Amino acid sequence: MIGVPQRPLGHNPSTNAQGTTPGSFANPPDIGGARAFSSPDTPGMPEPSDKTAWDFLPPGWTRDHDSGFAVAPEGFEAITQLEHARLGVITPEMQRVAEREQHLTPELVRDEIAAGRMVIPANRMHLQHELDPMAIGRASQTKVNANMGASPISSGTGEEVEKLQWAERWQADTVMDLSTGGDLDKTRLSIIQSSTVPIGTVPLYSMIVDRRIEDLDDVTILGQLEHQAKQGVDYFTIHAGVLQEHLPLVQQRLIGIVSRGGSLLAKWMIHHGKQNPMHTLWDDICEVLRRYDVTFSIGDGLRPGGLADASDAAQLGELEAMGKLAERAWRHGCQVMIEGPGHMPFDQIEYNMKLQRRLCHGAPFYVLGPIVTDIFPGYDHITSSIGATAAAYHGASMLCYVTPKEHLGLPKRDDVKEGCIAYKIAAHAADMALGIPGTRDRDDELTKARAALNWQKHFELSFDPDTARAYHDEDLDVDTDFCAMCGHDWCAVRISKEIVQFVSGKEENYAWDEPKISQALSGEQKAILEKRGVLSQEELHRLASKTRASMNSEAGRAACHSDLTSDGEARDLQGATGE
C-alpha cells in the first residue's frame, strides 16, 4: 500500500472529514504561533521571525507576566484594535470576526491582533456607516481585494459605486478606490458611505491633484491623510519603503518602477535630492492613522513589473525597510499589513512569502497576484490567480485581484466579476490546502449533489449559479440523470450511482426520482449565453420562454433520455408546456 503524509487526526478542511481523502498535507495548525496555517518549508526557506508586535510596545508600556497582557501608562485611552488587544480587551469588531469565521474565537482574534499577525481594517468613522468588520491574517481565511477607481479618461462616481456593489456581490472582502480622475473626493466619500467592506486608498494620488509631484510638501501630505481618515478610509497604502539608496538598484531593470506611488516618489527624491518624505514623516503619519484606527498597508513601490526583475536587490531591499517601518508603526499602536509583488516566476513565490514572514515579523502579507507569466495580456486574471494560489498557500493573507483588463485599461463591470471569481477560486483553493476547518464543507455538499445528479442543488451550491445553469441548459435544458457531456450510456456518475456497493449518489437529502423541465432562463442567464455567441436568438428565446412550440424544437438540442422513465415519456416531457 502506498503511504501518504501523516497528519494529526482532525487536520481536515472538512468539518466531518467526509470522503476518503487523508486530509490536508500542510503543517498542523499553530494558531497563536508563527505558523498558524502554513505550508511545509521547502529546504532553504527562511525561518519565521522570533519577534512579534509584542516586542515593539510604545514607550512607557509594560507587559504583565501573569496575564500576558500589557499595562499602559496611567490615563491612556485605547483607540486602535491593536491597543485594545494588547490590553486584553475584546472589541465588538473582534467578536464579529469570530462570528464570521467559525474556527476562530474572540480570544484568538484578540491574541493574533496583539501579536501583529492579524488586522481588522475598521476606521472609527466608517463604523458609523454600513461597515461589517472582517479580519486579515494567516489565522483567518484568505481574503480578496478588488481594485477600482475612475481615471482621467474613463468612469465617474456613479459607475465606481456600481462597481463597488458589483464587487461586493462577487464577495470581494475589501475594495481599494484608486481613482486618479474625476471628483476624487466625492467618489471616495460615496464609496465609503455605500460600502459594507473595508475601503483602502493610495492617498498620494489625491495629494498631487492640480500640482506637480515635485511640489509635494509635508503640510499637504499630513493634511490629505487627515482628510481621508476623517472620511472613513479603512486602510492606506503608503509607499514609505522606497528609499534613495534603492533607486540605483532599479536602473538596469527591464521595466523600471511599475508602482504609480513608487515612481512618483522616486521622481520627487531625484528632483529634491532628499529622502522619501513618506519615510521622514513616518512618525507623524502614524499619529494621524492612530487617531482614526486606519490600518497601514505599507506599499511595495519597487515591486517587479516583469519576471525578469523579480526578487532583485531593489525589491528585497524595500521589503527589509518595510519591516522596520512596521516595527515603528506598532510602537505607535497602529495596525499594519505589508504589500507584496507583483510579477514573479512560480518557483520564487514560496521564498518571497516566507522571507516577508521573517523580515516583517508575521505582519499580514497582501500581494498582487503574483503574475507568473508575462505573455498573456487579456488573461492576466488567470496567470495571476495561479500565482495567487501559491502565495496564499505559502503565507499571503490577502490577494489583490487582477482582472482581464490588467495592463490594458480600466476594469469595467464584467472585468470586476472575472477578477473577483478568479481570486475567490485562488483563496478558496489555498484555504482548503492549508486545512482551515470547514472550508471544504460546501465543496463536499456539491459533490454529493453532483453524485446524485441533482442539478438544482448542484447549481444552488455553486459560487455562480446563473453561469452554471446557463451553461447546462445550453446543451440540455431538462434536468435528468446524466449530463450532455457524456450522454446517458457513458455517464460514469450515473453508473456509479447504480452500483449497489457504492455510497455514491445515494445521499438521502439529494435524492430525486424523475427528470424535470428546468426553469426558464433568467435575464442574467440569457445574457450569459448571448455573450458566448453559441446559440441562435431563436434558441435563446426558447430557453427563456419554455413554450410548447419551443420545447418541441429539434434545433440541435440533446435528446431527453433517462433510466427513470421511458424514452416515449421523456420525449413527452420535453414537449410538455412550460406555460
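Look up a bit, the structure's there.
As the structure is a prediction and not an experimental result, all values here were calculated from the model. (Residues numbered from 1 in each chain as written. Predicted model: local features only at pLDDT ≥ 70, side-chain atom pairs only at ≥ 80, totals over all residues. Heavy atoms only, no water.)

Student: Sorry, what's going on with the environment of G387 here?
Tutor: Position of G387 among the secondary structure elements: in helix 13 (residues 380-394). Apart from the residues lying within four places of it in its own chain, the contact partners of G387 are I349, G369, P370 and V372. (Helix = DSSP H or I, 4+ residues; strand = E, 2+ residues; numbered from the N terminus. Contact = heavy atoms within 4.5 Å.)

Student: Could you clarify how one ought to interpret empty space enclosed by the protein in this entry?
Tutor: Where empty space is left in the structure can be found by rolling a water-sized probe over the atoms. Going through the model one piece at a time under the given rule, you end up with 4 cavities of 30 Å³ or more. Considering only enclosed or pocket space, the largest cavity measures out at about 80 Å³ in volume. Mapped by element, the contributors of at least two residues to the lining of the largest cavity are helix 11 (313-331) and strand 10 (336-340). Looking at the lining of the largest cavity element by element, the count peaks at 4 residues for helix 11. The residue makeup of the lining of the largest cavity, split by class, is 4 nonpolar, 3 polar and 3 charged. The wall of the second largest cavity is formed by D177, L178, S179, L184, R188, T201, V202, Y205, S206 and Q228. (1 Å grid on protein atoms, 1.4 Å probe; cavity = no way out; pocket = protein on both sides within 12 Å on 5 of 7 lines; lining within 4 Å. Points joined across faces, edges and corners; volume = space filled by probe spheres on them. Nonpolar A, V, L, I, M, F, W, Y, C, P; charged D, E, K, R; others polar.)

Student: What's the story with a nonpolar patch on the surface in this structure? I'm lost.
Tutor: Taken together, F346, I375, F376, Y379, I382 and I386 make up a surface patch of nonpolar side chains, about 640 Å² in accessible area. The topology assignment puts I386 in helix 13. The class for I386 is partly exposed, based on a relative accessible area of 43%. (Patch = residues over 30% accessible without salt bridge, like charges linked within 9 Å, V, L, I, M, F, W, Y side chains within 5 Å. Areas by Shrake-Rupley, 256 points an atom, 1.4 Å probe, with all protein chains shown as cover. Salt bridge = Lys/Arg side-chain N within 4 Å of Asp/Glu carboxyl O. Buried < 20%, exposed > 50% of the residue type's maximum accessible area, 1.4 Å probe, protein only.)

Student: How do you make sense of helix 19 (residues 523-532) when you look at a structure like this?
Tutor: Residues three or four positions apart in an α-helix share a direction because the helix packs 3.6 residues into each turn. Turning to helix 19, its buried residues are Q525, I528 and L529. Buried residues along helix 19 cover an arc of 90° about the axis, so they all sit on one side. Facing away from the buried side of helix 19 by over 90 degrees, the exposed positions are G523 and K531. In this fold, the buried residues of helix 19 make contact with helix 17 (465-475) and helix 20 (537-545). Of the residues one or two after helix 19, G533 is the one with positive phi, at around 70°. (Arc of directions from axis to C-beta.)

Student: I tried to follow the pairing of strand 6 (residues 174-177) on my own but got confused; where do I start?
Tutor: Going residue by residue along strand 6, you find T174 and M176 tucked away on one face and V175 and D177 tucked away on the opposite face as well. For the handedness criterion, the β-α-β arrangement of strand 6, helix 5 (residues 184-194) and strand 7 (residues 199-201) is classed as right-handed. (Right-handed = clockwise from strand over helix to strand, strands pointing away.)

Student: Is there a simple way to think about the environment of A26 in this case?
Tutor: By secondary structure assignment, the location of A26 is in the segment before strand 1 (62-63). Residue A26 is classed as buried on the basis of its relative accessible area of 0%. The sequence separation of A26 and L104 amounts to 78 residues, and the corresponding C-alpha distance is 19 Å.

Student: Explain the environment of S24 to me, please; I cannot follow it from the model alone.
Tutor: Structurally, S24 can be placed in the segment before strand 1. Between the C-alpha atoms of S24 and G435, which are 411 residues apart in sequence, the distance is 5.1 Å. Only 3.0 Å separates the side chain of S24 from the backbone nitrogen of A26, close enough to count as a polar contact. Looking at S24, its side chain comes within polar contact range of the main-chain oxygen of A433, at 2.6 Å. (Polar contact = N/O pair within 3.5 Å; in protein donor to acceptor, adjacent residues only side chain to side chain.)

Student: Just checking my understanding: could you explain the sheet that holds strand 11 (residues 365-368) for this structure?
Tutor: What links the strands of a sheet is backbone hydrogen bonding, and the strands pair in either a parallel or an antiparallel sense. Spatial strand order, 5-6-7-8-9-10-11-12: 8 strands in a closed barrel with parallel pairing. Averaged over all pairs of adjacent strands, the angle between strand axes in this sheet comes to 25°, irrespective of strand direction. Where strand 10 and strand 11 come together, 3 bridges link them in parallel fashion. Opposite E339, over in strand 11, you have Y366 as the bridge partner. Each of strand 8 (235-238) and strand 9 (295-298) is contacted by helix 10 (residues 282-292), which is oriented at about 140° to strand 9, the strand it contacts most. Here helix 11 sits on the sheet and contacts strand 9 and strand 10; the angle it forms with strand 10, its principal contact strand, is near 165°. (Pairing = 2+ DSSP bridges. Axes fitted to C-alpha atoms, helices over the stretch in contact; angles between N-to-C directions.)

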